[in-house]
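Okay, here's what each chain looks like letter by letter:
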Amino acid sequence: MIPSELKPPQFSGYPPEASKLAANYISALQRLPLSFVPSLLREVIEFDFKFPAEREALERELSNLAALSPEQVHEWFGPFEKIRLSSRLESLDWVNSPALFVEQFSAHLWATHQLDAFRAAATDYATRLHAVVPPEPPAMPRLGIAVVGQGVETYDQPLFRKLRPHGAYFTHLTPENGLQQLLDAVAARATAHPEPYAHWYVDGGEAAPHHKSLTCVSYHSLAPARAALSAKMRVEIERPGMGPEALRTLLAQMRPADLDLGKPGDAVLDRFQVKLLTEGSGTQIFSTTFAQWAAREALRRAQPLTLLVRFAPRQRQKPMNELLYGNQSSVELDFVGSLVDADLGAYYNWLNQQRLTGAERSSFVVWFEGHNQALAIGPSLQGGTKSSSPGDLRQLLAWAS
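Conventions and cut-offs
Residues numbered from 1 in each chain as written. Predicted model: local features only at pLDDT ≥ 70, side-chain atom pairs only at ≥ 80, totals over all residues. Heavy atoms only, no water. Buried < 20%, exposed > 50% of the residue type's maximum accessible area, 1.4 Å probe, protein only. Helix = DSSP H or I, 4+ residues; strand = E, 2+ residues; numbered from the N terminus. Pairing = 2+ DSSP bridges. Domains from an automatic or database assignment. Contact = heavy atoms within 4.5 Å. Buried area = accessible area lost by both parts, 1.4 Å probe. Salt bridge = Lys/Arg side-chain N within 4 Å of Asp/Glu carboxyl O. Polar contact = N/O pair within 3.5 Å; in protein donor to acceptor, adjacent residues only side chain to side chain. Axes fitted to C-alpha atoms, helices over the stretch in contact; angles between N-to-C directions. Parallel < 35°, antiparallel > 145°, perpendicular 65-115°, else oblique. Nonpolar A, V, L, I, M, F, W, Y, C, P; charged D, E, K, R; others polar. 1 Å grid on protein atoms, 1.4 Å probe; cavity = no way out; pocket = protein on both sides within 12 Å on 5 of 7 lines; lining within 4 Å. Points joined across faces, edges and corners; volume = space filled by probe spheres on them. Expected span 1.5 Å × (residues − 1).

**Here we look at the pairing of strand β9 (residues 363-368)**
Thinking step 1. Counting buried positions along β9 gives six out of six residues, so the element sits mostly inside the fold.
Thinking step 2. Covered by surrounding structure in β9 are S363, V365 and W367 together with F364, V366 and F368, the residues of both alternating faces.
Thinking step 3. Pairing analysis gives six bridges linking strand β1 (residues 143-148) to β9, with the strands arranged parallel. In the sheet register, V148 faces β9, and the bridge partner there is F368.
Thinking step 4. Here β9 pairs with strand β10 (residues 374-377) via four bridges, running antiparallel. The partner of F364 across the bridge, within β10, is I377.
Thinking step 5. Where β9 hands over to β10, the hairpin turn is made up of five residues, of which G370 adopts a positive phi near 80°.

Structure, rendered in C-alpha coordinates:
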(Lines give C-alpha, C1' and ligand atoms only; values in the text may rest on other atoms or scores of the structure.)
Protein backbone atom coordinates (compact mmCIF):
# COMPACT_ATOMS: atom_id res chain seq x y z
CA MET A 1 0.00 0.00 0.00
CA ILE A 2 1.08 3.57 -0.69
CA PRO A 3 0.08 6.69 1.30
CA SER A 4 -2.38 7.89 -1.36
CA GLU A 5 -4.47 4.79 -0.61
CA LEU A 6 -4.89 5.59 3.08
CA LYS A 7 -8.41 5.58 4.51
CA PRO A 8 -9.67 6.43 8.03
CA PRO A 9 -10.73 2.84 8.94
CA GLN A 10 -7.11 1.76 8.62
CA PHE A 11 -6.35 3.66 11.84
CA SER A 12 -8.99 1.81 13.89
CA GLY A 13 -6.23 -0.06 15.73
CA TYR A 14 -4.74 3.18 17.05
CA PRO A 15 -5.56 4.49 20.54
CA PRO A 16 -8.73 6.68 20.49
CA GLU A 17 -7.19 10.15 20.25
CA ALA A 18 -4.51 9.00 17.82
CA SER A 19 -7.11 7.39 15.55
CA LYS A 20 -9.16 10.57 15.53
CA LEU A 21 -6.09 12.70 14.79
CA ALA A 22 -5.01 10.52 11.86
CA ALA A 23 -8.52 10.54 10.40
CA ASN A 24 -8.75 14.33 10.68
CA TYR A 25 -5.56 14.76 8.64
CA ILE A 26 -5.97 11.84 6.25
CA SER A 27 -5.86 14.11 3.18
CA ALA A 28 -2.53 15.56 4.30
CA LEU A 29 -1.05 12.10 4.93
CA GLN A 30 -2.17 10.90 1.49
CA ARG A 31 0.05 13.49 -0.20
CA LEU A 32 3.28 12.46 1.51
CA PRO A 33 5.92 9.96 0.30
CA LEU A 34 6.28 6.54 1.89
CA SER A 35 9.83 7.40 2.93
CA PHE A 36 8.38 10.04 5.27
CA VAL A 37 4.88 9.00 6.39
CA PRO A 38 5.82 6.13 8.79
CA SER A 39 8.11 8.45 10.77
CA LEU A 40 5.17 10.79 11.24
CA LEU A 41 2.77 7.97 12.09
CA ARG A 42 5.23 6.73 14.71
CA GLU A 43 4.47 9.96 16.55
CA VAL A 44 0.74 9.95 15.76
CA ILE A 45 0.19 6.43 17.13
CA GLU A 46 1.65 7.56 20.48
CA PHE A 47 -0.52 10.71 20.63
CA ASP A 48 -2.64 9.49 23.56
CA PHE A 49 0.52 9.05 25.66
CA LYS A 50 2.32 12.25 24.76
CA PHE A 51 2.82 15.30 26.96
CA PRO A 52 0.86 18.49 26.20
CA ALA A 53 3.88 20.16 24.59
CA GLU A 54 4.34 17.19 22.26
CA ARG A 55 0.66 17.06 21.37
CA GLU A 56 0.60 20.72 20.50
CA ALA A 57 3.73 20.46 18.37
CA LEU A 58 2.39 17.44 16.46
CA GLU A 59 -0.99 19.05 15.83
CA ARG A 60 0.69 22.20 14.56
CA GLU A 61 2.91 20.14 12.26
CA LEU A 62 -0.06 18.27 10.81
CA SER A 63 -2.00 21.49 10.39
CA ASN A 64 0.91 22.97 8.45
CA LEU A 65 1.13 19.89 6.22
CA ALA A 66 -2.58 20.15 5.46
CA ALA A 67 -2.15 23.82 4.47
CA LEU A 68 0.67 23.23 1.98
CA SER A 69 -0.16 23.76 -1.68
CA PRO A 70 0.67 20.98 -4.19
CA GLU A 71 3.69 23.01 -5.30
CA GLN A 72 4.89 23.35 -1.71
CA VAL A 73 4.41 19.62 -1.06
CA HIS A 74 6.67 18.92 -4.04
CA GLU A 75 9.22 21.47 -2.83
CA TRP A 76 9.25 20.19 0.76
CA PHE A 77 9.18 16.45 0.01
CA GLY A 78 10.90 16.15 -3.36
CA PRO A 79 14.12 14.88 -1.72
CA PHE A 80 12.17 12.21 0.17
CA GLU A 81 10.57 11.05 -3.10
CA LYS A 82 14.02 10.25 -4.44
CA ILE A 83 14.76 7.75 -1.67
CA ARG A 84 14.58 4.22 -3.09
CA LEU A 85 12.65 1.65 -1.07
CA SER A 86 12.80 -2.13 -1.27
CA SER A 87 9.73 -4.22 -2.05
CA ARG A 88 10.10 -5.77 1.39
CA LEU A 89 9.75 -2.37 3.05
CA GLU A 90 6.79 -1.45 0.86
CA SER A 91 5.01 -4.65 1.91
CA LEU A 92 5.35 -3.97 5.65
CA ASP A 93 2.30 -2.92 7.66
CA TRP A 94 3.68 0.58 8.16
CA VAL A 95 0.29 1.92 9.26
CA ASN A 96 -0.06 -0.26 12.35
CA SER A 97 3.65 -0.82 12.99
CA PRO A 98 5.34 2.44 11.99
CA ALA A 99 8.17 2.06 14.54
CA LEU A 100 9.11 -1.34 13.09
CA PHE A 101 9.12 0.17 9.59
CA VAL A 102 11.36 3.04 10.70
CA GLU A 103 13.79 0.62 12.35
CA GLN A 104 14.10 -1.50 9.21
CA PHE A 105 14.09 1.57 6.99
CA SER A 106 17.15 2.88 8.89
CA ALA A 107 19.01 -0.34 8.16
CA HIS A 108 17.95 -0.09 4.51
CA LEU A 109 19.26 3.46 4.21
CA TRP A 110 22.59 2.36 5.63
CA ALA A 111 22.86 -0.70 3.39
CA THR A 112 21.95 1.24 0.21
CA HIS A 113 24.19 4.24 0.96
CA GLN A 114 21.20 6.62 1.13
CA LEU A 115 21.65 7.70 4.72
CA ASP A 116 23.29 11.03 3.83
CA ALA A 117 20.54 11.87 1.33
CA PHE A 118 17.82 11.08 3.85
CA ARG A 119 19.57 13.06 6.59
CA ALA A 120 19.81 16.09 4.28
CA ALA A 121 16.12 15.79 3.39
CA ALA A 122 15.12 15.47 7.06
CA THR A 123 17.28 18.43 8.10
CA ASP A 124 15.79 20.59 5.36
CA TYR A 125 12.26 19.60 6.42
CA ALA A 126 12.98 20.40 10.08
CA THR A 127 14.38 23.80 9.12
CA ARG A 128 11.34 24.63 7.01
CA LEU A 129 8.94 23.46 9.72
CA HIS A 130 10.67 25.49 12.42
CA ALA A 131 10.49 28.60 10.24
CA VAL A 132 6.73 28.39 9.71
CA VAL A 133 5.75 26.73 13.01
CA PRO A 134 8.11 28.13 15.66
CA PRO A 135 7.72 26.78 19.22
CA GLU A 136 5.63 28.79 21.65
CA PRO A 137 7.44 30.83 24.35
CA PRO A 138 7.12 29.51 27.93
CA ALA A 139 4.43 30.86 30.25
CA MET A 140 7.14 31.88 32.73
CA PRO A 141 10.97 31.84 32.77
CA ARG A 142 12.22 28.29 33.13
CA LEU A 143 14.09 27.15 36.23
CA GLY A 144 16.40 24.17 36.35
CA ILE A 145 17.88 22.83 39.60
CA ALA A 146 20.44 20.07 40.10
CA VAL A 147 21.34 18.67 43.51
CA VAL A 148 24.57 16.66 43.52
CA GLY A 149 26.84 14.86 45.98
CA GLN A 150 24.33 13.18 48.26
CA GLY A 151 26.21 11.32 51.00
CA VAL A 152 29.63 12.82 50.23
CA GLU A 153 31.14 14.22 53.42
CA THR A 154 34.26 15.86 51.98
CA TYR A 155 35.51 16.61 48.49
CA ASP A 156 38.58 18.75 47.80
CA GLN A 157 38.44 18.90 44.00
CA PRO A 158 36.86 21.90 42.23
CA LEU A 159 33.21 21.50 41.31
CA PHE A 160 31.05 22.98 38.52
CA ARG A 161 34.06 23.75 36.32
CA LYS A 162 32.10 23.53 33.07
CA LEU A 163 29.33 25.77 34.44
CA ARG A 164 31.47 28.43 36.14
CA PRO A 165 32.10 30.45 32.94
CA HIS A 166 28.33 30.87 32.61
CA GLY A 167 27.35 31.75 36.17
CA ALA A 168 28.31 32.84 39.67
CA TYR A 169 29.98 30.40 42.07
CA PHE A 170 28.91 30.76 45.73
CA THR A 171 31.06 29.40 48.55
CA HIS A 172 29.41 30.45 51.81
CA LEU A 173 25.79 29.34 51.62
CA THR A 174 23.91 27.88 54.56
CA PRO A 175 23.17 24.25 53.67
CA GLU A 176 20.68 23.49 56.48
CA ASN A 177 17.20 22.64 55.19
CA GLY A 178 18.47 23.34 51.65
CA LEU A 179 16.62 20.54 49.86
CA GLN A 180 13.32 21.51 51.47
CA GLN A 181 13.82 25.12 50.43
CA LEU A 182 14.35 24.01 46.84
CA LEU A 183 11.29 21.75 46.92
CA ASP A 184 9.21 24.56 48.40
CA ALA A 185 10.32 26.91 45.63
CA VAL A 186 9.39 24.34 42.97
CA ALA A 187 6.01 23.79 44.63
CA ALA A 188 5.37 27.55 44.71
CA ARG A 189 6.01 27.77 40.97
CA ALA A 190 3.68 24.83 40.36
CA THR A 191 0.96 26.50 42.40
CA ALA A 192 1.39 29.80 40.56
CA HIS A 193 1.30 28.13 37.12
CA PRO A 194 -0.64 24.86 37.54
CA GLU A 195 -0.12 23.31 34.10
CA PRO A 196 0.02 19.52 33.57
CA TYR A 197 3.56 18.12 33.47
CA ALA A 198 5.06 21.61 33.72
CA HIS A 199 6.87 21.14 37.05
CA TRP A 200 9.05 18.06 37.63
CA TYR A 201 10.99 16.45 40.45
CA VAL A 202 13.38 13.67 39.38
CA ASP A 203 15.21 11.75 42.11
CA GLY A 204 18.00 9.26 41.51
CA GLY A 205 17.19 7.63 44.84
CA GLU A 206 14.11 7.76 47.04
CA ALA A 207 12.05 10.88 46.50
CA ALA A 208 11.74 13.28 49.42
CA PRO A 209 8.23 14.35 50.52
CA HIS A 210 7.00 16.87 47.94
CA HIS A 211 3.92 18.77 46.80
CA LYS A 212 1.34 16.67 44.97
CA SER A 213 1.30 19.10 42.04
CA LEU A 214 4.79 18.01 40.98
CA THR A 215 5.36 15.32 38.38
CA CYS A 216 7.71 12.98 40.21
CA VAL A 217 9.90 10.19 38.82
CA SER A 218 12.32 8.33 41.08
CA TYR A 219 14.77 5.46 40.75
CA HIS A 220 13.57 3.95 44.03
CA SER A 221 9.87 3.88 43.11
CA LEU A 222 10.69 2.02 39.89
CA ALA A 223 12.63 -0.76 41.66
CA PRO A 224 9.95 -3.41 40.91
CA ALA A 225 9.80 -2.35 37.25
CA ARG A 226 13.60 -2.37 36.99
CA ALA A 227 13.76 -5.85 38.51
CA ALA A 228 11.08 -7.13 36.13
CA LEU A 229 12.90 -5.65 33.15
CA SER A 230 16.26 -7.11 34.20
CA ALA A 231 14.65 -10.53 34.58
CA LYS A 232 13.14 -10.32 31.09
CA MET A 233 16.45 -9.18 29.63
CA ARG A 234 18.32 -12.09 31.25
CA VAL A 235 15.83 -14.59 29.77
CA GLU A 236 16.13 -13.07 26.30
CA ILE A 237 19.93 -12.81 26.40
CA GLU A 238 20.16 -16.53 27.16
CA ARG A 239 17.85 -17.40 24.27
CA PRO A 240 19.77 -18.92 21.30
CA GLY A 241 20.18 -16.48 18.42
CA MET A 242 19.25 -13.41 20.45
CA GLY A 243 21.40 -10.45 19.39
CA PRO A 244 21.47 -6.78 20.39
CA GLU A 245 19.19 -5.67 17.53
CA ALA A 246 16.54 -8.25 18.38
CA LEU A 247 16.76 -7.32 22.06
CA ARG A 248 16.36 -3.65 21.20
CA THR A 249 13.24 -4.43 19.13
CA LEU A 250 11.79 -6.44 22.02
CA LEU A 251 12.43 -3.61 24.51
CA ALA A 252 10.82 -1.06 22.19
CA GLN A 253 7.62 -3.12 22.17
CA MET A 254 7.25 -3.24 25.95
CA ARG A 255 4.29 -1.55 27.60
CA PRO A 256 3.59 -0.54 31.22
CA ALA A 257 1.71 -3.77 31.96
CA ASP A 258 4.83 -5.75 31.00
CA LEU A 259 6.68 -4.12 33.90
CA ASP A 260 3.77 -4.03 36.36
CA LEU A 261 3.12 -0.34 35.68
CA GLY A 262 -0.28 -0.84 34.10
CA LYS A 263 -2.35 -0.22 37.21
CA PRO A 264 -4.86 2.67 37.20
CA GLY A 265 -2.94 5.89 37.34
CA ASP A 266 -1.18 8.21 34.96
CA ALA A 267 -0.96 6.45 31.58
CA VAL A 268 1.19 9.20 30.08
CA LEU A 269 3.73 9.09 32.91
CA ASP A 270 3.69 5.28 32.99
CA ARG A 271 4.59 5.15 29.29
CA PHE A 272 7.32 7.75 29.87
CA GLN A 273 8.83 5.65 32.66
CA VAL A 274 8.81 2.51 30.53
CA LYS A 275 10.72 4.37 27.81
CA LEU A 276 13.21 5.61 30.40
CA LEU A 277 14.05 2.03 31.31
CA THR A 278 13.89 0.45 27.85
CA GLU A 279 15.49 3.19 25.73
CA GLY A 280 18.09 4.59 28.13
CA SER A 281 21.48 2.89 28.25
CA GLY A 282 22.20 1.94 31.87
CA THR A 283 19.09 3.52 33.39
CA GLN A 284 18.09 0.14 34.83
CA ILE A 285 21.27 -0.28 36.91
CA PHE A 286 22.91 3.13 37.49
CA SER A 287 20.96 5.73 39.46
CA THR A 288 23.03 8.63 38.11
CA THR A 289 22.37 7.53 34.53
CA PHE A 290 18.68 7.20 35.35
CA ALA A 291 18.50 10.74 36.76
CA GLN A 292 20.44 12.19 33.84
CA TRP A 293 18.36 10.43 31.17
CA ALA A 294 15.07 11.23 32.93
CA ALA A 295 16.03 14.92 33.00
CA ARG A 296 17.05 14.87 29.35
CA GLU A 297 13.83 13.23 28.22
CA ALA A 298 11.63 15.43 30.42
CA LEU A 299 13.22 18.55 28.95
CA ARG A 300 13.06 17.24 25.39
CA ARG A 301 9.51 15.95 25.54
CA ALA A 302 7.55 17.74 28.29
CA GLN A 303 9.54 21.00 28.07
CA PRO A 304 8.78 21.82 31.72
CA LEU A 305 8.81 25.26 33.30
CA THR A 306 10.54 23.82 36.37
CA LEU A 307 12.82 20.82 36.75
CA LEU A 308 14.53 19.73 39.96
CA VAL A 309 16.91 16.78 39.59
CA ARG A 310 18.46 15.23 42.68
CA PHE A 311 21.28 12.81 41.95
CA ALA A 312 21.87 9.92 44.35
CA PRO A 313 24.79 7.50 44.86
CA ARG A 314 25.04 4.77 42.22
CA GLN A 315 26.55 1.32 42.57
CA ARG A 316 30.17 0.81 41.64
CA GLN A 317 30.87 -0.09 38.03
CA LYS A 318 31.38 -3.78 37.32
CA PRO A 319 31.26 -6.02 34.24
CA MET A 320 27.80 -5.82 32.64
CA ASN A 321 26.96 -9.49 33.21
CA GLU A 322 27.75 -9.10 36.89
CA LEU A 323 25.50 -6.04 37.08
CA LEU A 324 22.63 -7.86 35.36
CA TYR A 325 23.01 -11.16 37.23
CA GLY A 326 24.49 -9.96 40.52
CA ASN A 327 22.87 -9.91 43.94
CA GLN A 328 21.23 -6.49 44.29
CA SER A 329 20.99 -6.86 48.07
CA SER A 330 24.76 -6.41 48.42
CA VAL A 331 25.32 -3.36 46.22
CA GLU A 332 28.42 -1.29 46.95
CA LEU A 333 27.85 2.42 46.44
CA ASP A 334 30.38 4.78 44.88
CA PHE A 335 29.74 8.15 46.53
CA VAL A 336 32.62 10.16 45.06
CA GLY A 337 32.25 8.63 41.61
CA SER A 338 28.56 9.51 41.72
CA LEU A 339 29.40 13.12 42.57
CA VAL A 340 31.70 13.30 39.54
CA ASP A 341 28.92 11.85 37.36
CA ALA A 342 26.35 14.25 38.76
CA ASP A 343 28.61 17.28 38.33
CA LEU A 344 28.84 16.55 34.61
CA GLY A 345 25.16 15.60 34.54
CA ALA A 346 24.23 19.03 35.88
CA TYR A 347 26.13 20.61 33.00
CA TYR A 348 24.20 18.48 30.51
CA ASN A 349 20.94 19.45 32.18
CA TRP A 350 21.76 23.11 31.69
CA LEU A 351 22.71 22.53 28.05
CA ASN A 352 19.43 20.74 27.39
CA GLN A 353 17.46 23.49 29.11
CA GLN A 354 19.20 26.08 26.93
CA ARG A 355 17.90 24.31 23.82
CA LEU A 356 14.32 25.21 24.75
CA THR A 357 12.54 28.45 23.92
CA GLY A 358 13.03 31.31 26.35
CA ALA A 359 16.61 30.26 27.16
CA GLU A 360 17.69 33.89 27.49
CA ARG A 361 15.31 34.34 30.44
CA SER A 362 15.86 30.97 32.14
CA SER A 363 17.74 30.28 35.38
CA PHE A 364 19.74 27.31 36.58
CA VAL A 365 21.09 26.35 40.00
CA VAL A 366 23.33 23.46 41.04
CA TRP A 367 24.03 22.74 44.73
CA PHE A 368 26.49 20.39 46.45
CA GLU A 369 24.00 18.79 48.84
CA GLY A 370 24.75 19.32 52.51
CA HIS A 371 27.56 21.77 51.76
CA ASN A 372 27.97 25.51 51.26
CA GLN A 373 28.91 25.38 47.57
CA ALA A 374 26.53 26.16 44.73
CA LEU A 375 26.47 27.81 41.33
CA ALA A 376 23.74 29.93 39.83
CA ILE A 377 23.12 31.02 36.24
CA GLY A 378 20.57 33.69 35.44
CA PRO A 379 19.88 36.90 33.54
CA SER A 380 21.07 39.06 36.44
CA LEU A 381 24.25 37.12 37.25
CA GLN A 382 27.60 37.64 35.57
CA GLY A 383 29.38 34.54 34.33
CA GLY A 384 32.80 33.57 35.63
CA THR A 385 32.33 35.28 38.99
CA LYS A 386 32.77 34.05 42.56
CA SER A 387 30.91 35.20 45.65
CA SER A 388 31.46 34.65 49.36
CA SER A 389 28.19 36.40 50.27
CA PRO A 390 26.28 34.51 52.96
CA GLY A 391 22.78 33.26 52.23
CA ASP A 392 20.64 30.17 51.91
CA LEU A 393 19.22 28.28 48.93
CA ARG A 394 16.06 30.38 48.94
CA GLN A 395 18.11 33.53 48.51
CA LEU A 396 20.23 31.89 45.83
CA LEU A 397 17.13 31.21 43.74
CA ALA A 398 16.13 34.84 44.11
CA TRP A 399 19.57 35.99 42.96
CA ALA A 400 19.36 33.70 39.92
CA SER A 401 15.95 34.89 38.77
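Additional details are given in the paragraphs that follow.
**Description of the domain arrangement of the chain**
Thinking step 1. As assigned here, the chain comprises domain 1 (3-132) and domain 2 (143-224 + 268-400).
Thinking step 2. Its C-alpha centre places domain 1 at a distance of 35 Å from the equivalent point of domain 2.
Thinking step 3. Counting residues at the interface gives eight residues for domain 1 and ten residues for domain 2.
Thinking step 4. Summed over both sides, the interface between domain 1 and domain 2 buries roughly 840 Å², with carbon and sulfur atoms accounting for 63% of that surface.
Thinking step 5. Linking domain 1 with domain 2 are two salt bridges.
Thinking step 6. Taken together, the connections running from domain 1 to domain 2 amount to two residue pairs in polar contact (both at pLDDT 80 or more).

**Some remarks on the pattern of salt bridges**
Thinking step 1. Within the structure shown, the criterion is met by 18 salt bridges.
Thinking step 2. Between D116 and R119 there is a salt bridge, and its shortest N-O distance comes to 3.0 Å. Residue D116 and its partner R119 are both found in helix α8 (residues 115-132); the two are separated by three residues, about one turn of the helix.
Thinking step 3. D334 serves as the salt-bridge partner of R314, at 3.5 Å between the closest nitrogen and oxygen.

**Notes on the packing of helix α9 (residues 178-192) against helix α16 (residues 393-400)**
Thinking step 1. At their nearest, the axes of α9 and α16 sit 8 Å apart, and the two run at 45° to each other. Taken together, the axes of α9 and α16 are oblique relative to one another. Where α9 approaches α16, its residues G178, Q181, L182 and A185 are matched on the opposing element by L393, R394 and L397.
Thinking step 2. Here the residues of the contact of α9 with α16 sort into four nonpolar, two polar and one charged.

**As for empty space enclosed by the protein**
Thinking step 1. Taken as a whole and assessed by the stated rule, the structure comprises one cavity of 30 Å³ or more.
Thinking step 2. The volume enclosed by the largest cavity comes to roughly 40 Å³.
Thinking step 3. Listed by contribution, the elements that provide at least two residues to the lining of the largest cavity are β1, β6 (306-310) and α15 (335-354).
Thinking step 4. For the lining of the largest cavity, the class distribution of residues is five nonpolar, three polar and no charged.

**Some remarks on α15**
Thinking step 1. Given a rise of 1.5 Å per residue, 20 residues ought to cover 28 Å, and the 29 Å separating the end C-alpha atoms of α15 matches this to within 8%.
Thinking step 2. Within the span of α15, buried status applies to G337, S338, L339, A342, D343, G345, A346, Y347, N349, W350, N352 and Q353.
Thinking step 3. The opening residue of α15, the one whose side-chain oxygen lies 2.9 Å from the backbone nitrogen of G337, is D334.

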